[in-house]
Amino acid sequence: MNSTHSAIAPHSSVQTAQYELDDLRAQLRARYVMQEPEVVNLLMGQLSLSDASLDLIQSDAADLVSLLREHNKPTMMESFLSEYGLSTPEGVGLMCLAEALLRVPDAATIDELIADKLESSDWAAHLGQSSSPLVNASTWALLLTGRLLDDSEQPTRSLTALLKRVGEPVVRTAVGQSMKLLGRQFVLGQNIQQAIEHARALEQKGYTYSYDMLGEAAHTFDDAQRYTRAYADAIEHLSHVSGNSIREKPGISVKLSALHPRYEYSHRQQVMSELLPIVSSLARQAAQAGIGFNIDAEEADRLDLSLDVIDALLQDPALAGWDGLGVVVQAYSRRALPVIDWLLAATRLADRKIMVRLVKGAYWDSEIKQAQELGLASFPVFTRKSSTDVSYLCCAERLLANREYIYPQFATHNAHSVCAILRMAGNDTHSYEFQRLHGMGESLHERVHQQHQTRCRIYAPVGAHRDLLAYLVRRLLENGANSSFVNQIVDHRIAPETVARCPVREVRNASSIVHPAIAHPLDIYQPQRANSKGFRINDPASVEPLLNEREAFVQTQWSAAPLLHDRAVLPPDVPVYSPNDASDLIGHVREATADDIEHAIAVAKQYASSWYSTPATTRAGYLNDAADAYEAHMAQFCAVLCREAGKTLNDAISEVREAVDFLRYYAAVSCDHEQKRQARANEENTAHGVVVCVSPWNFPLAIFTGQIAGALAAGNTVLAKPAEQTPLVAAQAVTLLLEAGIPSTALQLLPGSGQSVGARLTSDPGIGGVCFTGSTAT
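This report concerns the structure included in the present document. What you see is a predicted model; the values in this text were computed from it and never measured. (Residues numbered from 1 in each chain as written. Predicted model: local features only at pLDDT ≥ 70, side-chain atom pairs only at ≥ 80, totals over all residues. Heavy atoms only, no water.)

Here we look at the overall build of the chain
Here is step 1 of the chain: The helix and strand tally for the chain stands at 30 helices and 15 strands.
Here is step 2 of the chain: Of all 778 residues assigned to the chain, the portion counted as buried reaches 56%.
Here is step 3 of the chain: Sequence separation of 24 or more characterises 78% of the internal contacts of the chain that already satisfy a separation of 6 or more.
Here is step 4 of the chain: Approximately 32300 Å² of the chain is accessible, and the part contributed by carbon and sulfur atoms is 51%. (Helix = DSSP H or I, 4+ residues; strand = E, 2+ residues; numbered from the N terminus. Buried < 20%, exposed > 50% of the residue type's maximum accessible area, 1.4 Å probe, protein only. Contact = heavy atoms within 4.5 Å. Areas by Shrake-Rupley, 256 points an atom, 1.4 Å probe, with all protein chains shown as cover.)

Comments concerning the sheet that holds strand E13 (residues 717-721)
Here is step 1 of the chain: A sheet is described by the order of its strands in space; here 4 strands give the open sequence E14-E13-E12-E15, paired in parallel fashion. The outermost strands of the open sheet, each flanked by one partner alone, are strand E14 (747-749) and strand E15 (769-772). Mean inter-strand twist for the sheet, computed between neighbouring axes without regard to direction, equals 20 degrees.
Here is step 2 of the chain: Pairing analysis gives 3 bridges linking E13 to E14, with the strands arranged parallel. By the bridge assignment, Leu719 is partnered in E14 with Gln748. (Pairing = 2+ DSSP bridges. Axes fitted to C-alpha atoms, helices over the stretch in contact; angles between N-to-C directions.)

What to know about the nonpolar core
Here is step 1 of the chain: Core analysis: the largest hydrophobic core is formed by 120 residues, its most contacted members being Tyr211, Phe293 and Phe410.
Here is step 2 of the chain: Among the elements that take part in this core, helix H13 (residues 336-350) stands out by supplying 11 residues, more than any other.
Here is step 3 of the chain: Counting 56 residues, the second-largest nonpolar core is a separate cluster that includes Val576, Ile586, Ala626 and Val691. (Core = buried A, V, L, I, M, F, W, Y, C linked by side-chain atoms within 4.5 Å.)

Comments concerning the packing of aromatic side chains
Here is step 1 of the chain: This model, assessed by the stated rule, comprises 8 aromatic pairs.
Here is step 2 of the chain: Their ring planes at 65 degrees and their centres at 5.3 Å tell us that Tyr665 and Tyr666 sit as a pair that is edge-to-face.
Here is step 3 of the chain: Within the aromatic cluster, the residues linked to one another by ring pairs are Phe410, Tyr432 and Phe434.
Here is step 4 of the chain: Geometry around Tyr525 places Arg529 over its ring, the cationic atom sitting 4.1 Å from the centre.
Here is step 5 of the chain: Sitting above the plane of the Phe699 ring, Lys647 keeps its charged end 4.6 Å from the centroid. (Phe/Tyr/Trp six-rings, centres within 6.5 Å; stacked < 30°, edge-to-face > 60°. Lys NZ or Arg CZ within 6 Å of the ring centre and 35° of its normal.)

Some thoughts on the pairing of strand E4 (residues 325-330)
Here is step 1 of the chain: By the criterion of burial, E4 is predominantly enclosed, with 6 of the 6 residues buried.
Here is step 2 of the chain: Along E4, one buried face is formed by Leu325, Val327 and Val329 and the opposite face, lined by Gly326, Val328 and Gln330, is buried too.
Here is step 3 of the chain: Pairing of strand E3 (residues 292-295) with E4, which is carried by 3 bridges, proceeds in the parallel orientation. Residue Phe293 lies in a different strand from E4, and its bridge partner there is Leu325.
Here is step 4 of the chain: Crossover E3 to E4 through helix H12 (residues 303-314) is right-handed.
Here is step 5 of the chain: When E4 meets strand E5 (residues 354-359), the two strands line up parallel, connected through 5 bridges. Bridge pairing links Val327 to Val356 in E5.
Here is step 6 of the chain: Handedness of the E4-H13-E5 crossover: right-handed. (Right-handed = clockwise from strand over helix to strand, strands pointing away.)

Digging into the pairing of E13
Here is step 1 of the chain: Counting buried positions along E13 gives 5 out of 5 residues, so the element sits mostly inside the fold.
Here is step 2 of the chain: Sheet analysis places strand E12 (residues 690-694) next to E13, joined by 5 bridges and oriented parallel. In the strand pairing of E13, Val691 is matched with Val718.
Here is step 3 of the chain: After leaving E12, the chain enters helix H28 (residues 702-713) and then returns to the sheet as E13, a path that is right-handed.
Here is step 4 of the chain: Each parallel crossover has a hand, and for E13 linked through helix H29 (residues 727-739) to E14 it is right-handed.

What about the packing of helix H15 (residues 385-400) against helix H16 (residues 415-425)?
Packed helices, taken two at a time, are described by their axes: the angle between them and the distance between them.
Here is step 1 of the chain: Here H15 crosses H16 at 30 degrees, and the two axes come no closer than 10 Å. By the criterion of interaxial angle, the relationship of H15 to H16 is roughly parallel. H16 is crossed by H15, and the crossing has right-handed handedness. When H15 is examined against H16, the residues Tyr392, Leu393, Ala396, Glu397 and Leu400 are found in contact with a partner set consisting of His416, Ser417, Ala420, Ile421, Met424 and Ala425. (Parallel < 35°, antiparallel > 145°, perpendicular 65-115°, else oblique. Left-handed = near helix turned anticlockwise from the far one by under 90°.)

Concerning the pattern of salt bridges
Here is step 1 of the chain: For the coordinates displayed, the defined rule picks out 38 salt bridges.
Here is step 2 of the chain: Among the ionic pairs, Asp223 bridges to Arg226, the shortest N-O distance being 3.2 Å. Residue Asp223 and its partner Arg226 are both found in helix H10 (residues 221-238); the two are separated by 3 residues, about one turn of the helix.
Here is step 3 of the chain: By relative accessible area, Asp223 is classed as buried at 17%.
Here is step 4 of the chain: The salt bridge partner of Arg567 is Asp596, with a shortest N-O separation of 3.3 Å. (Salt bridge = Lys/Arg side-chain N within 4 Å of Asp/Glu carboxyl O.)

A look at the packing of helix H26 (residues 634-644) against helix H27 (residues 649-679)
Here is step 1 of the chain: Direction vectors running N to C along H26 and H27 enclose 125 degrees, while the axes themselves pass 9 Å from each other. Compared by their axis directions, H26 and H27 come out oblique. Between H26 and H27 lies a crossing of right-handed hand. Taken together, the residues of H27 that come into contact with H26 (itself represented by Met634, Phe637, Cys638, Leu641 and Cys642) are Leu649, Ala652, Ile653, Glu655, Val656 and Arg657.
Here is step 2 of the chain: Taken together, the residues that form the contact of H26 with H27 break down as 9 nonpolar, no polar and 2 charged. (Nonpolar A, V, L, I, M, F, W, Y, C, P; charged D, E, K, R; others polar.)

Notes on unusual backbone geometry
Here is step 1 of the chain: Across the junction of Gln526 and Pro527, the peptide omega takes the value 10 degrees, indicating a cis bond.
Here is step 2 of the chain: Inspection of the secondary structure assignment puts Pro527 in the loop between helix H21 (503-509) and helix H22 (540-550).
Here is step 3 of the chain: If you check the backbone angles, Gln453 has positive phi at about 55 degrees while not being a glycine.
Here is step 4 of the chain: In the Ramachandran plot, Asp566 falls in the positive-phi region, its phi being about 55 degrees despite a non-glycine side chain.

A closer look at the side chain of Asp596
Here is step 1 of the chain: Its location among the elements puts Asp596 in helix H23 (residues 594-606).
Here is step 2 of the chain: What makes Asp596 buried here is its relative accessible area of 7%.
Here is step 3 of the chain: Side chain to side chain, Asp596 and Arg567 meet in a polar contact 3.3 Å long.
Here is step 4 of the chain: Those residues in contact with Asp596, other than ones at most four positions away along the chain, are Pro562, Leu564, Arg567, Glu591 and Leu750. (Polar contact = N/O pair within 3.5 Å; in protein donor to acceptor, adjacent residues only side chain to side chain.)

With respect to H16
Here is step 1 of the chain: The buried count for H16 comes to 10 of 11 residues, which makes it a mostly enclosed element.
Here is step 2 of the chain: For H16, the full list of buried residues reads Ala415, His416, Ser417, Val418, Cys419, Ala420, Ile421, Leu422, Met424 and Ala425.
Here is step 3 of the chain: For H16, the N-terminal capping position is held by Asn414, with its side-chain oxygen 2.8 Å away from the main-chain nitrogen of His416.
Here is step 4 of the chain: Of the residues trailing H16, Gly426 is marked for its positive phi of about 80 degrees.

Some details on helix H30 (residues 754-763)
Here is step 1 of the chain: Among all positions of H30, only Val757, Gly758 and Leu761 are buried. Angular distribution of buried residues about the axis of H30 spans 85 degrees; they occupy a single face of the element. Of the exposed residues in H30, those oriented more than 90 degrees away from the buried face are Gln755 and Ser763.
Here is step 2 of the chain: On its buried face, H30 sits against H23, E12 and E13. (Arc of directions from axis to C-beta.)

Description of the environment of Glu739
Here is step 1 of the chain: Relative to the helices and strands, Glu739 is located in helix H29.
Here is step 2 of the chain: The exposure class of Glu739 is exposed, given its relative accessible area of 60%.
Here is step 3 of the chain: Note: C-alpha distance between Glu739 and Ala626 (113 residues apart in sequence) is 7.9 Å.

Concerning the sheet that holds strand E9 (residues 558-560)
Here is step 1 of the chain: If you trace the 3 strands from one edge of the open sheet to the other, you get E9-E11-E10, paired in mixed fashion. Every interior strand has two partners, whereas the edge strands, E9 and strand E10 (574-577), have only one. Averaged over all pairs of adjacent strands, the angle between their axes in this sheet comes to 30 degrees, without regard to strand direction.
Here is step 2 of the chain: Strand direction decides the pairing type here: E10 and strand E11 (residues 585-589), joined by 4 bridges, are antiparallel. Looking at E11, one finds that Tyr577 is bridged to Leu585.
Here is step 3 of the chain: Here H26 sits on the sheet in contact with E9, E10 and E11, set at roughly 75 degrees to E9.
Here is step 4 of the chain: On top of the sheet, H29 reaches E9, E10 and E11; it is set at about 85 degrees to E9, its chief contact.

Put into structure tokens, the structure is as follows:
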């Protein structure tokens with residue numbers, strides 16, 4: 001085993017150990033900005049499996065796939081996922097239906113939802129295709145439902161209309177029951193007593209359980225208290241289940257987000273003072289009960305905060321000597337291996353032994369989409385499944401090499417992963433365990449359990465059907481893709497060798513490590529324009545550089561005055577205070593005088609034709625340069641937006657990003673428009689001449705910039721009048737626009753009140769257009 005990267009030496013001093021622990025956390029955060037190829041190449045270099053070992057593992061896995069197909073029947077859920085995978089329109093429709101159906105409040109909307117998802121699907125193509133009678137019966141029901149709801153066939157329209165009137169409640173009930181039946185394949189019991197009772201049959205065969213009390217993140221403190229009571233009640237019941245050790249007894253999995261409604265890094269102090277005592281109390285209860293207590297992994301931006309909570313639990317003297325604390329690590333995370341190294345260092349420092357459940361990860365789709373939406377520097381997860389599988393092997397190797405500190409728990413339904421772990425672990429099959437989901441992977445784990453006497457724990461959701469949906473959809477997304485092992489093993493058209501393919505060789509042979517069909521977060525609008533750069537405020541690896549840079553502007557005082565062509569203005573003299581803190585003097589402003597306004601209008605009229613005759617590509621270049629400058633001044637903008645406009649940090653970041661998007665969007669479409677205009681011979685000037693832009697206080701940068709950018713891009717000269725509450729933001733913006741190359745003849749700033757400046761500008765007969773956003777009263 002390759003253990004050269006283990007966190008710290010066992011006999012290091014406490015001071016050295018703490019230093020190395022902090023250093024490992026810094027390394028973990030640093031991986032956030034690393035690009036995917038660099039991370040994958042690091043993992044490939046650290047994996048010590050030889051080519052001969054890879055050959056043996058793939059051969060073992062292919063043989064195992066063949067045996068499973070020959071002697072074992074897939075579960076209903078496996079058959080269902082195979083027939084209605086996410087590669088089929090029907091599978092996608094059913095997933096959407098399952099996700100939405102039970103939380104729709106009224107019957108009429110349910111009918112519309114069923115019609116929308118079932119009418120256009122080709123259910124007949126699936127009829128009789130599955131080996132499962134239940135799946136085929138479901139297909140018949142879906143086929144009849146689809147035909148009932150489809151009135152496109154002329155001869156049957158009247159009959160269909162009649163059936164719709166009398167039959168839709170029946171259809172609604174039938175589909176609702178079908179979704180509940182589907183859900184029961186995943187839920188062991190609707191309460192912990194029922195789940196314990198249902199678990200006895202497999203416990204007698206040597207299996208153990210880890211119970212997950214269904215429920216997602218708490219939205220209120222009432223939610224959190226309800227989930228806390230559910231966990232405490234479950235631990236109490238599990239304490240009475242027999243077993244000689246933590247490994248033989250059932251355990252419980254806990255989502256920290258269910259225990260506090262603000263489980264976010266931006267509320268770290270509150271979390272550590274309010275959530276930590278709750279988690280500690282539950283952990284102590286589990287320790288007294290002699291059961292395992294696993295902290296589930298959640299979204300990527302919760303990772304850093306979860307490590308703070310885990311570190312505190314490891315240092316809790318009341319838990320000393322208890323080996324039941326468990327941590328879940330997601331292999332699809334680019335930070336997975338550094339997390340394991342940090343956990344090793346933390347357990348050694350605390351002189352503890354913990355459990356680590358290694359999973360592939362269940363939030364991949366949302367992590368990808370959120371990273372794109374937020375304009376992050378990189379994805380927190382791998383873009384190829386093969387890279388996730390390589391990460392899983394690296395993490396498994398690290399865990400197995402440190403079994404004196406870690407009890408590894410390998411959660412997988414993949415034959416290749418199972419065979420790789422068996423090879424890497426050697427003859428000791430009692431120092432680790434496999435895990436599977438309730439209702440899935442039964443044949444695989446039963447065969448391995450019998451043949452190798454390995455331990456196996458079943459991850460079993462417990463709860464009412466109303467709490468099932470989010471969990472169910474995660475499982476469908478995780479296992480319903482046509483690339484998943486669960487989907488492929490029941491598809492006999494795929495050769496066993498293909499199902500058991502080696503991920504290491506897949507990565508080696510890939511044309512690119514980054515999946516070509518998944519756009520980088522900053523490239524989602526290409527080729528038209530770049531996406532605006534953003535930050536994840538609850539991930540310190542993402543947001544701390546911005547926060548550190550913003551500190552330089554905590555006491556800065558800005559100024560705003562008319563910015564006019566060829567005209568000096570007296571220094572600002574009116575103080576501006578923060579709406580958040582009346583004692584915070586954030587700058588001074590000088591409002592435009594009547595003479596300033598007349599001068600600005602005259603200049604704008606004089607140079608209107610000159611600006612319009614400037615090539616559209618030149619104007620667009622200025623806007624794109626300004627967008628880059630906005631991003632470079634993100635920290636300063638966030639500071640002034642928070643202090644002058646009362647924005648939260650998240651809103652300030654979004655405001656700057658929206659302004660950047662406006663600049664790049666108008667730059668792009670103006671060039672496209674100009675090309676089309678030139679293609680139409682003799683088309684006249686389409687600009688208005690002089691445009692007045694009057695913006696609101698609640699979006700003092702985004703709307704302010706958007707109005708200006710659109711008007712400038714179209715070839716108009718602009719007179720910008722910001723909201724009187726937020727002149728400092730506007731002055732910073734116009735300064736950057738001018739520095740980017742926009743001439744002062746084309747853009748001038750006139751701060752002041754609506755009654756004096758706004759009224760005069762909008763009433764001038766020489767003004768060609770007005771861009772205005774404001775209240776009805778204004």
